Amino acid sequence: MWAWLVGGYAVVLALLIGFAGFVASWVDDEKKRADAFKVLKLVLVAVTGTSGLFAAAMALHQAGLM
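Residues numbered from 1 in each chain as written. Predicted model: local features only at pLDDT ≥ 70, side-chain atom pairs only at ≥ 80, totals over all residues. Heavy atoms only, no water.

When you go through the protein chain residue by residue, the secondary structure sums to three helices and zero strands. Helices and strands appear in the protein chain in the N-to-C order α-α-α. If you take every contact in the protein chain between residues at least 6 apart in sequence, the share linking residues at least 24 apart comes to 28%. Total accessible area on the protein chain stands at roughly 5100 Å², and carbon and sulfur atoms take up 74% of it. (Helix = DSSP H or I, 4+ residues; strand = E, 2+ residues; numbered from the N terminus. Contact = heavy atoms within 4.5 Å. Areas by Shrake-Rupley, 256 points an atom, 1.4 Å probe, with all protein chains shown as cover.)

This brings us to the nonpolar core. In this structure, Leu13, Ala20, Val39, Leu40, Leu42, Val43 and Leu60 together form the largest nonpolar core, which totals seven residues. Listing elements by their share of this core, those giving two or more residues are helix 1 (2-26) and helix 2 (30-48). The leading source of residues in this core is helix 2, at four residues. (Core = buried A, V, L, I, M, F, W, Y, C linked by side-chain atoms within 4.5 Å. Buried < 20%, exposed > 50% of the residue type's maximum accessible area, 1.4 Å probe, protein only.)

Its 25 residues place the ends of helix 1 36 Å apart at the C-alpha level, agreeing with the 36 Å of an ideal helix rising 1.5 Å per residue. Among all positions in helix 1, only Leu13, Ala20 and Ala24 are buried. In this fold, the buried residues of helix 1 make contact with helix 2. (Expected span 1.5 Å × (residues − 1).)

Have a look at this one:
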C-alpha cells in the first residue's frame, strides 16, 4: 500500500515538473511563463527540500496560484 502512495506522489510531482517546464519554455504569454516558472521552482524545492512541500504550498497560496 505504501509503495502505491509513494509512487503516486512521485508521479504527480514528475507531471507537475514536466508541465510547468513545458509552459515555462514554450508558451508565448509572458504572464503564463512567469507563473509556470514560479510553480517549477516551488515544485523543485518541494522535491529537493526537507520541508519543501509545506513551504511550496504556502508560497503557491500567497502567490494566488492555489
